[in-house]
Amino acid sequence: AQSVSQHNHHVILSEAASLELGCNYSYGGTVNLFWYVQYPGQHLQLLLKYFSGDPLVKGIKGFEAEFIKSKFSFNLRKPSVQWSDTAEYFCAVKKTGFQKLVFGTGTRLLVSP
Amino acid sequence: DTAVSQTPKYLVTQMGNDKSIKCEQNLGHDTMYWYKQDSKKFLKIMFSYNNKELIINETVPNRFSPKSPDKAHLNLHINSLELGDSAVYFCASSRETSGSRQTQYFGPGTRLLVL
């Protein structure tokens, strides 16, 4: 079955620490890749997306992600986190030609001041 | 100017009742979706409509019935509510479905609590 895996369920960091959240998917072929963020009590917001081209994608709020096709991965990174980055982060994958967007189980990030 | 809006934001009701959640988007998108987010934050698609036509219907109990009066609206009606229906329901929309550059935009969610 097609799936999206986020290995880290909970991550706790201090402010200014670097962040990397893992995302792997099991689809073959061409995919579109997304990272969404959900701040406490709020809706999902798009952080960044990859459709084609440069595999290093820059998003909002200093986030970036790298698509590594050979590893079926799309890891999210930020060099220096802030307390306001405390949120739930979701990786999502859509296979080209299909309608469904499939989400990972999410990673809860807690940044302590 | 909310792009994707949902009403109500909170819904508390008794088991067995029938309730509706409304969703509207002003982005001019053709496709709308309903997702359910459970207590563990797992997000799963329920339905998708493209130009008022149902295109995705996951394994959702038939107590759930989406209705799309026009392409800017996708409402979710739930009959005979059960405790397990308690969740956050998110509406989303996108410009197209199977195209290669689809990005989904989400509404604020409706927190449903069934007592």
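Fair warning: this is a prediction, and the values are worked out from it, not measured in the lab. Position numbers for residues count from 1 along each chain, tracking the sequence in the order it is written. As they are written, the chains are lettered A onward and the ligands numbered 1 onward, keeping that order. For this predicted model, a pLDDT threshold of at least 70 governs which residues receive local features, and a threshold of 80 or more governs which side-chain atom pairs are given and counted, while totals over whole chains, interfaces and linings are taken from all residues. Side-chain descriptors were evaluated using all non-hydrogen atoms of the structure, hydrogens and water having been removed beforehand.

**Student:** Hey, could you run me through the overall build of chain A in this one?
**Tutor:** Along its length, chain A carries 0 helices and 12 strands. Reading chain A from its N terminus to its C terminus gives the helix and strand order β-β-β-β-β-β-β-β-β-β-β-β. Atoms counted for the radius of gyration: C-alpha only. Globule rule: 2.2 Å times the number of residues to the power 0.38. Compactness check: chain A gives a C-alpha radius of gyration of 13 Å against a globular reference of 13 Å for 113 residues, within 12% of the reference. Seen through its principal axes, chain A has C-alpha atoms that stretch 45 × 25 × 20 Å. A buried classification covers 47% of the 113 residues belonging to chain A. Only heavy atoms matter for contacts: two residues are in contact if any of them lie within 4.5 Å across the pair. The contacts in chain A between residues at least 6 apart in sequence include a share of 54% that link residues at least 24 apart. For chain A, the accessible area works out to roughly 5,200 Å², and carbon and sulfur atoms hold 55% of it. Between the mean site of the 11 positive side-chain charges and the mean site of the 7 negative ones, chain A shows a separation of 10 Å. Runs of E in the DSSP output that reach at least two residues are strands. Runs of H or I that reach at least four are helices, and both are numbered from the N terminus. The cut-offs for exposure are 20% and 50% of the maximum accessible area for each residue type, with area from a 1.4 Å probe on protein chains only; residues under the lower value are buried, those over the upper are exposed, and the others partly exposed. What sets the accessible areas is the Shrake-Rupley method with a 1.4 Å probe; for residues, cover comes only from the shown protein chains. For this count, His and the chain ends are skipped, Lys and Arg are scored as positive, and Asp and Glu as negative. By convention, the point assigned to a charge is CZ for Arg, NZ for Lys, CD for Glu and CG for Asp.

**Student:** Where do I start with the state of the cysteines in this structure?
**Tutor:** Working definition of a disulfide: a covalent bond connecting the sulfur atoms of two cysteines. Any two cysteine sulfur atoms lying within 2.5 Å of each other are counted as a disulfide. Scanning the model with the defined rule gives 2 disulfides over all chains in all. Paired through a disulfide, C23(A) and C91(A) show a sulfur-sulfur distance of 1.9 Å. On the sign convention where negative is left-handed, the bridge of C23(A) and C91(A), at about -65° about the S-S bond, is left-handed. Residue C23(A) is found in the loop between strand 3 (19-21) and strand 4 (24-25), and its partner C91(A) is found in strand 10 (residues 87-95); the two are separated by 68 residues along the sequence. C23(B) shares a disulfide with C91(B); S-S distance 1.9 Å. Looking down the S-S bond of the C23(B) and C91(B) bridge, the torsion is -75°, so its handedness is left-handed. Here C91(B) lies in strand 9 (residues 87-94) and C23(B) lies in strand 3 (residues 19-25), a separation of 68 residues in the sequence. By relative accessible area, C91(B) is classed as buried at 0%.

**Student:** Got a minute to help me understand the interface of chain B and chain A in this structure?
**Tutor:** By a widespread convention, an interface's size corresponds to the accessible area lost as its parts come together. Taken together, the 25 residues of chain B in the interface contact 25 residues of chain A. Here the quantity called buried area is the accessible surface, traced with a 1.4 Å probe, that two parts lose on coming together, added over both. Summed over both partners, the interface of chain B with chain A comes to about 2,000 Å²; 57% of that surface belongs to carbon and sulfur atoms. By definition here, a salt bridge exists when the distance from a side-chain nitrogen of Lys or Arg to a carboxyl oxygen of Asp or Glu is within 4 Å. Between chain B and chain A we count 1 salt bridge in total. Residues adjacent in sequence count toward polar contacts only when both atoms are side-chain atoms; beyond that, a polar contact is any pair of N or O atoms within 3.5 Å, and within protein one must be able to donate a hydrogen and the other to accept it. Taken together, chain B and chain A are joined by 4 residue pairs in polar contact (both at pLDDT 80 or more). Looking at the side of chain B that touches chain A element by element, the count peaks at 3 residues for strand 4 (residues 31-37) of chain B. Under this grouping Gly is polar, as are all residues other than the nonpolar Ala, Val, Leu, Ile, Met, Phe, Trp, Tyr, Cys and Pro and the charged Asp, Glu, Lys and Arg. Along the lines of polarity and charge, the residues of the side of chain B that touches chain A split into 11 nonpolar, 9 polar and 5 charged.

**Student:** Is there a simple way to explain the nonpolar core in this structure?
**Tutor:** For soluble globular proteins, nonpolar side chains are generally found buried alongside one another. With 30 residues, the main nonpolar core has W35(A), L48(A), F74(A), L76(A) and Y89(A) as its most contacted residues. Secondary structure elements with two or more residues in this core: strand 2 (10-14), strand 3, strand 5 (31-38), strand 6 (44-50), strand 8 (64-68), strand 9 (73-78), strand 10 and strand 12 (107-112) of chain A. Aside from chain neighbours lying at most four places away, what touches L76(A) is L19(A), E20(A), L21(A), W35(A), L47(A), L48(A), F63(A), E64(A), A65(A) and Y89(A). Among buried residues, those of type Ala, Val, Leu, Ile, Met, Phe, Trp, Tyr and Cys that are joined through side-chain atoms within 4.5 Å constitute a nonpolar core. One finds Y49(B), F64(B), L74(B) and A87(B) within the second-largest nonpolar core, a separate group that totals 19 residues.

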